[in-house]
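# Close look at the chain arrangement
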Amino acid sequence: MSGSAVLWVALAIFAQESVWNFYDAQVPAQLRHFVSSATVIGLIMGLDTGLGVIIQPWMGLISDRLALRRTGRWPIVVAGACVAAVPFALIPWATSLPVLMLCIFAFGLTANSFKGVTETLVSDYVAPQQRGKAQGFIKAGVSLTIIVSALISLLVVDHSLKAAFAIPPILMIGMVALSYRFLGRRHLTALRRENTDTDQADPFSSPWAVLKDLAREPSRARLLLMAGIFCFAGMWARWGL
């Protein structure tokens, strides 16, 4: 396992999650300026999850096709980070609910387009037998994003809300750029043999093909695994509330 590769992938995911943590912490407060109902605020905050369900499977398929090219998945990650930073930084500038909703929707749309792709980068640089260990290191580093978000909220929000919303996207773009600088040039040599075998046709041309394959599998093993992941994620989300 390449320690430097794991470090740079962890930094890219760390920067991405810092933005999401700050978003979840501060956007409800911005919505309360225009909406008094906690139910409506909760529905609006769940908008990004709904967008993710639609966008992330398609972006995953696209990124898998790009993974075998010279630049790999990095164009999606770098471009997505730069584009998502704009509506995020504009959130505190919104002076009406329609403008704020536009910023929220634009951020959810663009951020979800590369969120899952960034988390997939580890598969391009770490051998399959080492990915569990690599994910452990990455998750440990990502846990620190809560501390970063809390420090920005504690030290900056009360002095300048606009500056506070500018720090996470700047951090995200900077760390993603650094990760690409050090890992992008190593992409072709880091790809494992099983990822470069182009003789076999990809049977999954769309997310619907994946779902059909899951439903037709005789053992239902993958379907049960996905159900377990869904239940655990739901329990974790409920704990967070």
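In what follows, the accompanying structure is described. Model, not experiment: these values are computed from the prediction. (Residues numbered from 1 in each chain as written. Predicted model: local features only at pLDDT ≥ 70, side-chain atom pairs only at ≥ 80, totals over all residues. Heavy atoms only, no water.)

## Some thoughts on the overall build of the protein
- Of the regular secondary structure elements, the protein holds 13 helices and zero strands.
- Secondary structure elements of the protein occur, N-terminal to C-terminal, as α-α-α-α-α-α-α-α-α-α-α-α-α.
- Counting all 241 residues of the protein, 39% fall into the buried class.
- For the protein, the exposed surface amounts to about 13700 Å²; the carbon and sulfur share of it is 68%. (Helix = DSSP H or I, 4+ residues; strand = E, 2+ residues; numbered from the N terminus. Buried < 20%, exposed > 50% of the residue type's maximum accessible area, 1.4 Å probe, protein only. Areas by Shrake-Rupley, 256 points an atom, 1.4 Å probe, with all protein chains shown as cover.)

## Examining the environment of Val78
- For Val78, the location among the structural elements is in helix α4 (residues 74-90).
- Its relative accessible area of 27% is what places Val78 among the partly exposed residues.
- The sequence separation of Val78 and Ala12 amounts to 66 residues, and the corresponding C-alpha distance is 9.9 Å.
- If near-sequence neighbours (up to four positions away) are discounted, Val78 is found in contact with Val176 and Tyr180. (Contact = heavy atoms within 4.5 Å.)

## Examining the pattern of salt bridges
- Following the criterion strictly, the structure yields four salt bridges and no others.
- Ionic pairing is found between Glu17 and Lys115, a salt bridge with its closest N-O pair at 3.7 Å. Taken together, the residues span a long stretch of sequence, with Glu17 in helix α1 (residues 3-31) and Lys115 in helix α5 (residues 97-120) at a distance of 98 residues. One exposure class covers both Glu17 and Lys115, and it is buried.
- A salt bridge links Asp64 to Arg73, with the shortest nitrogen-to-oxygen separation between them at 2.8 Å.
- Overall, the relative accessible area of 5% leaves Arg73 in the buried class.
- Here the residues in one salt-bridge network are Glu17, Lys115 and Glu119, joined through shared partners. (Salt bridge = Lys/Arg side-chain N within 4 Å of Asp/Glu carboxyl O.)

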